[in-house]
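Understanding the architecture of this molecule
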Amino acid sequence: MLEISNLSVSYGGLRALTDVSLTVAEGQFVTVVGPNGAGKTTLFKTISGVVKPASGSITFFGKDLLSLSASQRAHLGIAHVPEGRQVFKTLTVRENLEMGAYPAAGQAAWARTLDRIHTLFPILHERAGQMAGTLSGGEQQMVAIGRGLACAPRLLMLDEPSMGLAPAVTDTIFERVQQIHKEDGVTILLVEQRVAEALELSDHGYVLETGHMVLDGNYETLLADDRVRKSYLGLT
Amino acid sequence: MDIESLIENVANALTAGVTIGCIYGLMCIGLGLIFGIMKVVNFAQGEILMLGMFASLYLVTGGGVLAFLGPYVGPFVGAILAGPIIFVVGALIHKFLISRVSGLKTAGSIDDGHFGQLIVTLGISLILQNGGMIVFGSTPFTVRTPLSSSAIEVGLGIGDASVFLNKAKLIACAVAIVTALALYMTMEFTRIGKALRAAADNPTAATYMGIDVDKYYRMAFGMGCGITAIAGGLMATYLSFGPFVGFDYVIIMYSGVVLGGIGSIMGAFWGGLTVGFVQQFSALILPPQLQNAAIFIVFLLIVLLRPQGLFGRSAERA
């Protein structure tokens, strides 16, 4: 469904991504791992349209994404849960979810998705009237994921959902992400630094280093690779 | 001064403060909306007020479109209709000028476009003032209504003391309150209002939700201009104005918005109300030339004691 080929992005002459290609098929769980500064967030921002690429192509269900503005892309069913959560701090939890449901598909499915979001994250129901900025980091991450789900996405992109969270909270988040994938059948593209957990969940993994895709394959393939074992998993 | 006339003076200052304050409040909301949502400092807001006054004037007397409504209803309908007209003017100003130095175009640049905005809005302000001079001339105008020279007298029950309520100001105040309430409901409860607040809170995240931030910014700018224009139309019923009237009021607007707490749209209403109150009360003890000084003394005191403004609050977790 998502097809990225030979994508290059630069920031003022600085290459952030070079010739990156990536494919996500419908129903898949795909993870991109890599160290800080590898270009993972840039990759996501380019898919959402906030960053413009220098060359390459991105298609979603055969549609050329690069010809669409950033805000139009969300209406195709691409939900971006950004790095650092980026909830609407001055809006209530409920209003955050409502804004997630801004595209037509989200509005049509609103009653059902709201129910589902509350089942996955009961705390959001309790905190419905509270301003999102007053929540803890973990709760804000739940708002961010819930907001992503609210648009009834065909592709859910999660950018480091574990960032800055306590290990126990991260476990919950990973569990919910897995539930969203398995039970709701949502296709997921995940960027993570907690490599072991992330790769274990996914059907296919990519390793991004300093803007280059250096490796890709399924869990077993990646696990068999020496570099991945040493640099990311701490195994010998 | 005997006690009876003192009570009368205070009561009159009180009612004048509330009526004028509500109109100032509406005027401030316009500026507060633009700053709160787009973070654009608009120096031309005083001239937008002036345009609102002239729009109302031409609707009521000049073009005579509303002549059939008579001198009682016409001026107020004219004031309300100045809103949508100046909304369009504001949206056009945004499309061709402001959008080039604000929003996603300058997001992430060193100054977030503020330097450009200062120069552009100051330039618009000068062009509108002097353009107004060419088009409208310098003779003062007013949107005449017999209501501005008649008052309701309310006895206070203490001797002969009574309060005079100017009818024009009273109706203007009511229209201002209704308009402010309508805006409040729109911002709080409608999809458009929520999307506007989301675009203000975090433009990038709003884009991820599929919200066309530039379109909403244009709407916010137009709305901010339209709201101030309605206030201008209302003020035009009781004061005389010319192309340079904006300068006096832009100061009041900025004090109101800062008092209410920068970024708080409804806070701007209370800020404007406070300014109106202070202005009318200072008239009791100070000569008219010092009224603006009184506003700034109260302003400095509040900023000293509550730098976040009267109604500014933080949504951040401590």
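Note that this is a predicted model, so its numbers are computed, not measured. (Residues numbered from 1 in each chain as written. Chains lettered and ligands numbered in written order. Predicted model: local features only at pLDDT ≥ 70, side-chain atom pairs only at ≥ 80, totals over all residues. Heavy atoms only, no water.)

Here we look at the overall build of chain A
Which entries qualify depends on this criterion: Secondary structure elements follow DSSP: runs of H or I no shorter than four residues count as helices, runs of E no shorter than two count as strands, and numbering proceeds from the N terminus. The globule rule used here is 2.2 Å times the number of residues to the 0.38 power, and the radius of gyration it is set against is calculated over C-alpha atoms. Exposed residues in this analysis have more than 50% of their type's maximum accessible area, buried residues have under 20%, and partly exposed residues fall in between, with area computed by a 1.4 Å probe over protein chains only. Computed by Shrake-Rupley with a 1.4 Å probe, the accessible areas treat only the displayed protein chains as cover when residues are assessed. Just so you know, the count uses Lys and Arg for positive and Asp and Glu for negative, and it drops His and the chain ends. Where a charge lies is defined by one atom per residue type, namely NZ (Lys), CZ (Arg), CG (Asp) and CD (Glu).
The secondary structure content of chain A amounts to eleven helices and ten strands. Taking 236 residues into account, the globule formula puts the C-alpha radius of gyration at 18 Å, and chain A, at 17 Å, falls close to it. Burial statistics for chain A: of 236 residues in total, 53% are counted as buried. Taken as a whole, chain A presents about 9500 Å² of accessible surface, with 50% of it coming from carbon and sulfur. Side chains of chain A give 20 positive and 25 negative charges; the mean places of these two sets differ by 5 Å.

Let's talk about the sheet that holds strand β2 (residues 14-24) of chain A
All names here are of chain A. Filter applied, for reference: Following DSSP output, two strands are said to pair if at least two bridges run between them. What makes two residues a contact is simply this: any of their non-hydrogen atoms within 4.5 Å. Every axis corresponds to a line fitted to the C-alpha atoms, with the helix fit spanning only the stretch in contact, and the corresponding angles, defined between N-to-C directions, vary from 0 to 180 degrees.
Reading across from one edge, β2-β1-β4-β5 is the order of the four strands in this open sheet, with antiparallel pairing throughout. Lying at the two open borders of the sheet, with one neighbouring strand each, are β2 and β5 (63-64). Pairing geometry for strand β4 (residues 55-60) and β5, over two bridges, is antiparallel. Paired with Thr-59 across the bridge in β5 is Asp-64. Along the sheet face, helix α1 (residues 40-48) touches β1 (2-11), β2 and β4 and points at about 110° away from the line of β1.

Things to note about the confidence of the model for chain B
To keep things clear, this is the line we draw: Looking at any residue, its pLDDT shows the predictor's confidence there, from 0 to 100.
For chain B, mean pLDDT is 88; residues scoring 70 or higher make up 96% of the total. Per-element averaging of pLDDT across chain B places strand β1 (residues 151-155) of chain B at the bottom with 82 and helix α8 (residues 213-235) of chain B at the top with 95.

A look at the interface of chain B and chain A
Operational definition: The term salt bridge refers to a pairing of a side-chain nitrogen on Lys or Arg with a carboxyl oxygen on Asp or Glu at a separation within 4 Å. Any pair of nitrogen or oxygen atoms within 3.5 Å is treated as a polar contact; in protein, a donor-acceptor pairing is required on top of that, and neighbouring residues in sequence qualify only through side-chain atoms on both sides. When residues are sorted by character, Ala, Val, Leu, Ile, Met, Phe, Trp, Tyr, Cys and Pro go into the nonpolar class, Asp, Glu, Lys and Arg into the charged class, and all the rest, Gly among them, into the polar class.
Every contact between the two is made by 22 residues of chain B and, on the other side, 30 residues of chain A. Counting the contacts that link chain B with chain A gives two salt bridges. Between Glu-98 of chain A and Lys-194 of chain B there is a salt bridge, with the nearest N and O atoms lying 2.4 Å from each other. The interface formed by chain B and chain A includes eight residue pairs in polar contact (both at pLDDT 80 or more). Those elements that place two or more of their residues in the side of chain B that touches chain A are α6 (191-201) and α7 (203-208) of chain B. With six residues, the top contributor of residues to the side of chain B that touches chain A is α6 of chain B. By residue class, the composition of the side of chain B that touches chain A is nine nonpolar, four polar and nine charged.

Some words on the environment of Leu-273 of chain B
Residues and elements named next belong to chain B. Structurally, the position occupied by Leu-273 is in helix α10 (residues 265-285). By relative accessible area, Leu-273 is classed as buried at 16%. For the pair formed by Leu-273 and Tyr-24, sequence separation is 249 residues and the distance between their alpha carbons is 6.2 Å.

Description of a nonpolar patch on the surface
What counts, and what does not: Here a patch means residues that are over 30% exposed by relative accessible area and free of salt bridges, tied together within 9 Å if like-charged and within 5 Å if nonpolar (Val, Leu, Ile, Met, Phe, Trp, Tyr).
On the surface, Phe-43, Phe-115, Leu-118, Ile-119, Leu-122 and Leu-126 of chain B cluster together to form a nonpolar patch covering roughly 580 Å² of accessible area. Along the chain, the position of Leu-122 of chain B falls in helix α4 (residues 114-136).

Topic: α8 of chain B
The condition that has to hold: For a helix, the expected span equals 1.5 Å multiplied by the number of residues minus one.
Counted at 1.5 Å a residue, the expected span for α8 of chain B with its 23 residues is 33 Å, and the 33 Å between its end C-alpha atoms agrees. When you tally the buried positions in α8 of chain B, you get 20 out of 23 residues, the bulk of the element.

As for the side chain of Thr-179 of chain B
Note that Thr-179 of chain B resides in helix α5 (residues 167-189). The contacts of Thr-179 of chain B, once residues within four sequence positions are left out, are Leu-26, Ile-227 and Ile-230 of chain B.

Some details on the pairing of β2 of chain A
Residue and element names in this part refer to chain A. Relative to β2, β1 runs antiparallel, the two sharing seven bridges. Across the sheet, Val-9 pairs through a bridge with Leu-17, a residue of β2. Here β1 hands over to β2 after two residues, with Gly-12 in that stretch at a positive phi of 45°.

What about the packing of helix α7 (residues 137-149) of chain A against helix α8 (residues 167-184) of chain A?
All names here are of chain A. Put simply, the test is: Should an angle lie under 35 degrees it is considered roughly parallel, over 145 roughly antiparallel, and from 65 to 115 roughly perpendicular; all remaining angles are considered oblique. Here is the rule for handedness: rotate from the far helix to the near one, and if that takes an anticlockwise turn smaller than a right angle the crossing is left-handed, while a clockwise turn gives right-handed.
The N-to-C vectors of α7 and α8 enclose an angle of 10°; their axes lie 10 Å apart at closest approach. The angle between α7 and α8 falls in the class roughly parallel. Judged by the sense of rotation from one axis to the other, the crossing of α7 with α8 is right-handed. Contacts between α7 and α8 pair Gly-138, Gln-141, Met-142, Ile-145 and Leu-149 from the former with Val-169, Ile-173, Val-177 and Ile-180 from the latter.

Quick word on the sheet that holds strand β8 (residues 187-192) of chain A
Residues and elements named next belong to chain A. An order of β6-β7-β8-β3-β9-β10 is seen for the six strands of this open sheet, with the pairing classed as mixed. With one partner strand each, in any of the chains shown, β6 (78-81) and β10 (212-217) form the two edges of the open sheet. On average, each strand axis in the sheet is tilted by 15° relative to the strand beside it, whichever way the strands run. Bridge count between strand β7 (residues 155-159) and β8: five bridges; the pairing is parallel. Residue pairing in the sheet places Met-157 in a bridge with Leu-189 of β8. Where α7 meets the sheet, its contacts fall on β6 and β7, and the angle it forms with β6 comes to roughly 170°.

A short note on the nonpolar core
The condition that has to hold: We call a set of buried Ala, Val, Leu, Ile, Met, Phe, Trp, Tyr and Cys residues a nonpolar core when their side-chain atoms join them within 4.5 Å.
Among the nonpolar cores identified, the biggest contains 92 residues, and Ile-37, Leu-234 and Met-235 of chain B are the most heavily contacted of them. Ranked by residue count, the leading element in this core is α8 of chain B, at 14 residues. In contact with Ile-37 of chain B, other than residues within four places in its own chain, are Gly-32, Met-187, Leu-196, Ala-200, Tyr-217, Ala-220 and Ile-265 of chain B. Within the second largest apolar cluster, 33 residues are counted, among which are Val-87, Leu-135, Ile-145 and Cys-151 of chain A.

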